[in-house]
Structures are given as C-alpha cells and as structure tokens.
Amino acid sequence: MKNETKFCQSCGMPLNDDILGTNADGGKNDDYCIYCYRDGAFTGDFTMEEMVEYCSMFVDEYNNNTGQNLTACQYKEVLRQLYPTLKRWNLPADQLPHADHPMKKVLIDEVNALGIRNLHITNLYVLQGSFVNQAYNINGNEVKLLDDNATYWGNQVVKNDNRCYGIACCEKFILVSEYGKDGADAELVMLKRR
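Structure report, in brief. (Residues numbered from 1 in each chain as written. Predicted model: local features only at pLDDT ≥ 70, side-chain atom pairs only at ≥ 80, totals over all residues. Heavy atoms only, no water.)

## Some thoughts on the overall build of the chain
Thinking step 1. Counting its regular elements, the chain contains five helices and 11 strands.
Thinking step 2. Expected size for 194 residues packed as a compact globule is a radius of gyration near 16 Å; at 17 Å, the chain falls within 12% of this value.
Thinking step 3. Sorting the 194 residues of the chain into buried and exposed places 42% on the buried side.
Thinking step 4. Considering only contacts in the chain between residues 6 or more positions apart, those separated by 24 or more positions represent 44%.
Thinking step 5. For the chain, the exposed area adds up to about 11300 Å²; of that, 48% sits on carbon and sulfur atoms.
Thinking step 6. Treating the 19 positive side-chain charges of the chain as one cloud and the 27 negative ones as another, the clouds have centres 4 Å apart. (Helix = DSSP H or I, 4+ residues; strand = E, 2+ residues; numbered from the N terminus. Rg over C-alpha atoms; globule rule 2.2 N^0.38 Å. Buried < 20%, exposed > 50% of the residue type's maximum accessible area, 1.4 Å probe, protein only. Contact = heavy atoms within 4.5 Å. Areas by Shrake-Rupley, 256 points an atom, 1.4 Å probe, with all protein chains shown as cover. Lys, Arg positive; Asp, Glu negative; His and termini not counted. Charge placed at Lys NZ, Arg CZ, Asp CG, Glu CD.)

Encoded structure:
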C-alpha cells in the first residue's frame, strides 16, 4: 500500500521526516514543517495572506516539483485555494498569529533608508535562521553570518536582472545579500549594525 503524501498544515510543503517541525518537548510534530513550527510554536508571525505572498516567492521550486509552469500570480491563487483547508488557518481567531509586531515597521523603514538601488520593501516576514543563512566567500573563506537556530525578519526582492536581494534583520543588525536562483552565488551587499 502506497503512503499518502502529507503536507505542512501551515505552508503546504510536502512533509518528510527530515523537515518535520518540533514540539516543545523536542519531539517531532507530524502536522508542520520545521520552517513553520519549532519548539512548540509557529516560527512566523504571518497572516494567511502574508503566508501566500511569502510562499509565492518559491514558485520555481513548486513548478520543478510538479511539472507545471505557473507564474507567481497564478501560484498565489493556488495557495489561496489551499490554505483555508489547512489546520493552521482554521484555528480560532484568538489563536492565529498576527503580523503586527511594532519592530516590523521600524525595520522596514530602516531597510528602505539604506539607499540600495532597486531595493524597496513593504513587508517583512519572520523566518527561521537555517532557512536564510547563506554562505558568503569572504577573504577566500566560506562564512555564514546568521544563527541557524534564531529567527529573523526577512524578505526577498527580485531584481531586473533575475538576481534577488535577500534581507535578514533583527534588533542588532540589518543584512542585505544578493544571489541568483536558489541562493546561488550569494554576495554580501551590506551588514549594518543598528
């Protein structure tokens, strides 16, 4: 008998043992992926529409895994149909996370004030460090600057040349990187202390 594929009940990602979220006691959680759920709590302070916006950035990965050729806008519609059927988005209103942390607005303003060409954001998402911690070649050494176990406010902006800006920030710093498809050839653009 074939095992039925399970999907993260927050973002819709196919689940396997390697990416299962964790409960407060350290045990595996069968409902959520590690990117959405760690140590018994959601890692991201998303509304459902913000989750749609964030996950739509991974349309290429979705297309590769499904053999489809959707645009980001078409993929958003797929996600808008899917998410209301998932467990997280059927929780009572008082249990749903809300993306209204006061730090978010401050960081958005600070990122936009950096004066980096073609970098302007209107939103930041709470992201797990292991998901955004890229390796940079600094003085001939591969260096990672983030903590895999921490969470950061972040976003990705696609540039005109099909490369992307990646933003990761917290109370102590703002990091901006540039990279190609799937994080290839990552370059550090700016690391600014706050």
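## Brief notes about the nonpolar core
Thinking step 1. In terms of nonpolar packing, the biggest core is built from 24 residues, with Cys8, Cys11, Cys33, Phe46, Met51, Cys55 and Tyr83 touching the most fellow members.
Thinking step 2. With four residues, helix H1 (residues 48-55) is the single largest residue contributor to this core.
Thinking step 3. Among the nonpolar cores identified, the runner-up in size contains 17 residues, and Leu107, Ile116, Tyr165 and Ile167 belong to it. (Core = buried A, V, L, I, M, F, W, Y, C linked by side-chain atoms within 4.5 Å.)

## Points about a nonpolar patch on the surface
Thinking step 1. A surface patch of nonpolar side chains, about 230 Å² in accessible area, is lined by Leu145, Leu188 and Leu191.
Thinking step 2. The residue Leu191 is located in strand S11 (residues 187-193) in this model. (Patch = residues over 30% accessible without salt bridge, like charges linked within 9 Å, V, L, I, M, F, W, Y side chains within 5 Å. Salt bridge = Lys/Arg side-chain N within 4 Å of Asp/Glu carboxyl O.)

## Brief notes about the packing of H1 against helix H3 (residues 72-82)
Thinking step 1. Two elements in contact, H1 and H3, have axes separated by 9 Å at closest approach and are oriented at 140 degrees. Between H1 and H3 lies a crossing of right-handed hand. Contact residues: H1 offers Glu49, Val52, Glu53 and Cys55, while H3 offers Tyr75, Lys76, Leu79 and Arg80.
Thinking step 2. Here the contact of H1 with H3 is built from residues that sort into four nonpolar, no polar and four charged. (Axes fitted to C-alpha atoms, helices over the stretch in contact; angles between N-to-C directions. Left-handed = near helix turned anticlockwise from the far one by under 90°. Nonpolar A, V, L, I, M, F, W, Y, C, P; charged D, E, K, R; others polar.)

## Here's the deal with unusual backbone geometry
Thinking step 1. The residue Asn139 is not glycine, and still its phi comes out positive at about 55 degrees.
Thinking step 2. Within the secondary structure, Asn139 sits in the loop between strand S6 (135-138) and strand S7 (141-144).
Thinking step 3. With relative accessibility at 75%, the residue Asn139 sits in the exposed group.
Thinking step 4. Phi is positive for Asn162, which is not a glycine, with a value near 70 degrees.
Thinking step 5. Residue Asn162 is classed as exposed on the basis of its relative accessible area, which comes to 62%.

## Topic: the side chain of Thr22
Thinking step 1. Among the secondary structure elements, Thr22 is positioned in strand S1 (residues 20-22).
Thinking step 2. When its relative accessible area of 13% is taken as the criterion, Thr22 is described as buried.
Thinking step 3. Dropping the residues within four chain positions of it, Thr22 is found in contact with Gly27, Asn29, Ile34, Tyr37, Arg38, Asp39 and Gly40.

## Some thoughts on the environment of Gln156
Thinking step 1. Structurally, the position occupied by Gln156 is in strand S8 (residues 151-158).
Thinking step 2. If we ignore the near neighbours within four places in the chain, the residues touching Gln156 are Met57, Cys164, Tyr165 and Tyr179.
Thinking step 3. In terms of polar contacts, Gln156 uses its side chain to reach the side chain of Tyr179, at 2.8 Å. (Polar contact = N/O pair within 3.5 Å; in protein donor to acceptor, adjacent residues only side chain to side chain.)

Geometry only, nothing functional implied.
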